[in-house]
Every structure is written in structure tokens, then in C-alpha cells.
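One letter stands for each residue in the lines below.
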Amino acid sequence: MKKLMVIALSLFVVLAGVFASGQGDKQSGTTQQKGTVYIPLISKGFQHQFWQAVKKGAENAARDLGVQITFEGPESESQVDKQIEMLQTALGKNPKALGIAALDSKAVIPLLVQAQAKKIPVIAFDSGVDSDIPLTTVSTDNIVAAGVAADKLAAAIGYKGKVAILVHDQTSRTGIDRRDGFLKRMKEKYPDIQVLEPQYGGGDHLKSTEIAKAVINGNPDLKGYFGANEGSAIGIVNAVKELKIEGKIVVVGYDSGKLQLDAIRSGLMLGAVQQNPVLMGYKTVEAAVKALKGETLPKRIDSGYVWADKSNLDTPEVKNVIYE
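Residues numbered from 1 in each chain as written. Predicted model: local features only at pLDDT ≥ 70, side-chain atom pairs only at ≥ 80, totals over all residues. Heavy atoms only, no water.

Chemist: Give me unusual backbone geometry: which residues, what numbers.
Modeler: Located in the positive-phi region is Lys-119, a residue other than glycine, with phi close to 60 degrees. Among the structural elements, Lys-119 can be located in the loop between helix H4 (109–117) and strand E4 (122–125). Judged by its relative accessible area of 73%, Lys-119 is exposed. Unusually for a residue other than glycine, Asp-255 sits at a positive phi of about 80 degrees. Take Asp-255: it is sitting in the loop between strand E10 (250–254) and helix H9 (258–266). For Asp-255, a relative accessible area of 5% translates into the label buried. (Helix = DSSP H or I, 4+ residues; strand = E, 2+ residues; numbered from the N terminus. Buried < 20%, exposed > 50% of the residue type's maximum accessible area, 1.4 Å probe, protein only.)

The following block contains the structure:
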């Protein structure tokens, strides 16, 4: 009898261990299946509608191409350390390829070196890095697109006066390129426009609102304002509303999202550069799959942009890229 009890107890322990092991795999968040091509995408954030649209495009590509992806990013686009942790965790799962939209174009490089050593192809999206490790970067030509924003703002204020610029950060390639593209165009083409020193709000609506209010209050002769991403632009719009100066400052933005589109429709914002986030997500996964097949990729894949204002919001060209 005692021997039977020992055997039964041993069997129970073995079964419990097997069950616990299976549960552990689920709890870890690793959903890889044997033989599946797994490609994690680490974005710059998750809170903005822009990133949800990129995620949608990536999921569409994963379905079409028969691969498995995960898509994640930190809560705030100022959380560089959090993004580094996510990247490290993703590499620990030994993916077949990797997508990264770097918050800091330099900070991610040591981990990308690790990926290269493991022969994991790296695809950058939205924001490149200061390294040749990514096989390609899927992004808008932010320098050119920000130049278009500068042209629109300059024309709206009569090509003279004082304008300000609010950028999400000065560490990512998107922040750097949009800032520099705007400043370069203003300097080259509009000598009678004074651009104030760029300010940085981390892409956070509340922080950007407070910065914009301080700039506007300190410059009562301000005629225009450029917000270099969704959070920055909405912060400027909020500041204009809170200070009750609607119609006195021309606001130009970048990206869409419901709040920004509502501001364009109501006249609070002149217009905004629209990226194509769904296509960006799709092209990122597509590039990763091509790399795994040994195909040579161009150093940059342009995911495109259009200018949107009240006159063309309902045209097919714009409706195909905006997200609400």
C-alpha cells in the first residue's frame, strides 16, 4: 500500500511539473510556436494613435506573409531606458528578425551589435539609428516633409514674422530630422521669418501644452507654431485654446489622430503632414521577411507622406493615410 502511495505521489509531482512548465510559457508572454518565424517590433511608444496604426499595418503583413509578430513600446516616448529593456527582452527570445523604432539613435546600438552577432536581421522603422547595422529604415523622408510644413506656415503668415517650433525629442532621428528640415527650409527660403529656439516636450500632450503656453506668453508677437509630432501639435492647440487666442496664431502639425484632425476641421490648425503609418508597419515586416530570404534591401524604404488641410481632408489621397 505504501509503495502504491509513493508511486502515485511521484506521478503527481511529474504531472504537476509538466503543467507548471506549460503555464510558465504562457505567463512569460512568449507565444512562439515551433517552426514559426517570430519577429518582434519595438516601437517608440504605444499611447498615440499613430503607433496603433503602425501596429495594424504590421499585423496585416504578418497575416499575409505567414509570420508571427509582437508589437510593443513604452508608455511614453521619453522612456528610453524602458525601450532598451523591451529590446533586450525581445533579443532574449532569439527572434528570426527584429524591428526597432529607436527613441535614442545611439543608445540602442550595443543591443543591435548583439543582434548582429546572433545573425538576426535588424529593420529600423519610423526612426533610424546612427549605425549601419539596420539593413534598411522604413520611414517618411522627414527632412523633406518638415520642409513642406515650413512652406505652408511661411505662406500662411505672409512670409515674415516670428514662429516657434515644438519637437518631441532631440535624440531620435525623427525628432532631429523634422527639426532640422523645418529650420533648414526657413533659413534658406524665408529670411524675414525669425524662428525661436526649438523646445522639446517628449511628445507628451500635457508637457507640450505647458511649454507652448510659456513660449506664447513670452512672445506676444508670435505668428506661427510648428508641432513636430502628434503630441507636440496637440499641446500647441491646447495652449491656444487655454489662452483664448484662437485665430491669432497659425498652427501647423505632423501626423493625424482624431484631436489633430478635429483641430484642422475647426480651423484651430492650418494643416499637418500626414505619414502613412499602416504602410510603414506593413513595409517593416515585409522587409524583415525579405531579409530572411536573403534579398538585398535598399538603405531606406520611403513610406510616404501627404500634406492635409481643410481643403483636402476628404479626398482619397488623404483619407487613405489618416487615422482617427
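Chemist: Tell me what's going on with helix H7 (residues 205–218), and back it up with residues and numbers.
Modeler: An ideal rise of 1.5 Å per residue puts 20 Å on 14 residues; H7 measures up with 20 Å between its terminal C-alpha atoms. Residues of H7 that are buried sit in contact with strand E6 (161–167), strand E8 (199–200), strand E9 (222–227) and helix H8 (230–242). Between the side-chain oxygen at the start of H7 and the backbone nitrogen of Leu-206 there is a gap of 3.2 Å, and the oxygen is on Asp-204. (Expected span 1.5 Å × (residues − 1). Contact = heavy atoms within 4.5 Å. Polar contact = N/O pair within 3.5 Å; in protein donor to acceptor, adjacent residues only side chain to side chain.)

Chemist: Outline empty space enclosed by the protein, supporting the account with residue identities and numerical values.
Modeler: This model, assessed by the stated rule, comprises one cavity of 30 Å³ or more. The computed volume of the largest cavity comes to approximately 90 Å³. Taken together, 13 residues make up the lining of the largest cavity; nearest its centre are Trp-51, Glu-77, Arg-178, Asn-229 and Asp-255. The set of elements that each furnish at least two residues to the lining of the largest cavity consists of helix H2 (49–65) and helix H6 (173–189). Across the lining of the largest cavity, the residue classes break down as two nonpolar, five polar and six charged. (1 Å grid on protein atoms, 1.4 Å probe; cavity = no way out; pocket = protein on both sides within 12 Å on 5 of 7 lines; lining within 4 Å. Points joined across faces, edges and corners; volume = space filled by probe spheres on them. Nonpolar A, V, L, I, M, F, W, Y, C, P; charged D, E, K, R; others polar.)

Chemist: Before we move on, can you summarise the confidence of the model for the protein chain with the specific residues and values?
Modeler: Averaged over the protein chain, the pLDDT score is 90; the fraction of residues at 70 or greater is 89%. In this model residues 1–31 is a low-confidence stretch, pLDDT under 50, and it forms four contacts with partners more than four residues away in sequence or in other chains. (pLDDT = per-residue confidence, 0-100.)

Chemist: Tell me about the packing of H8 against H9, and name the residues and values.
Modeler: Helices that pack against each other are described as a pair by the angle of their axes relative to one another and the distance between those axes. Packing of H8 against H9 brings their axes to within 9 Å, and their N-to-C directions diverge by 45 degrees. Judged on the interaxial angle alone, H9 and H8 are oblique. In this structure, H8 meets H9 at a crossing whose hand is left-handed. Taking contact as the criterion, the partners of Glu-230, Ala-233, Ile-234 and Val-237 in H8 are, on H9, Leu-259, Gln-260 and Ala-263. (Axes fitted to C-alpha atoms, helices over the stretch in contact; angles between N-to-C directions. Parallel < 35°, antiparallel > 145°, perpendicular 65-115°, else oblique. Left-handed = near helix turned anticlockwise from the far one by under 90°.)

Chemist: Provide a residue-level description of the side chain of Gln-274, including the pertinent values.
Modeler: Looking at the element boundaries, Gln-274 is found in strand E11 (residues 271–275). What makes Gln-274 buried here is its relative accessible area of 1%. Here Asp-255 takes part through its backbone oxygen, which lies 3.3 Å from a polar atom of the side chain of Gln-274. At 3.3 Å, the side chain of Gln-274 forms a polar contact with the side chain of Ser-256. Apart from residues lying up to four places away in sequence, Gln-274 is in contact with Asp-255, Ser-256, Gly-304, Tyr-305, Val-306, Ala-308, Val-321 and Ile-322.

Chemist: Summarise the side chain of Asn-312; cite the residues concerned and give the values.
Modeler: Within the fold, Asn-312 resides in the loop between strand E13 (305–309) and helix H11 (316–319). Residue Asn-312 is classed as buried on the basis of its relative accessible area of 15%. With residues near it in sequence (within four places) discarded, Asn-312 still touches Trp-307 and Val-318.

Chemist: Please give an account of the environment of Leu-196 that cites residues and values.
Modeler: Relative to the helices and strands, Leu-196 resides in the loop between strand E7 (193–195) and E8. According to the relative accessible area criterion, Leu-196 is buried, its value standing at 16%. Setting aside chain neighbours within four positions, we find Leu-196 in contact with Lys-162, Val-163, Ala-164, Ile-165, Val-215, Asn-219 and Leu-222.

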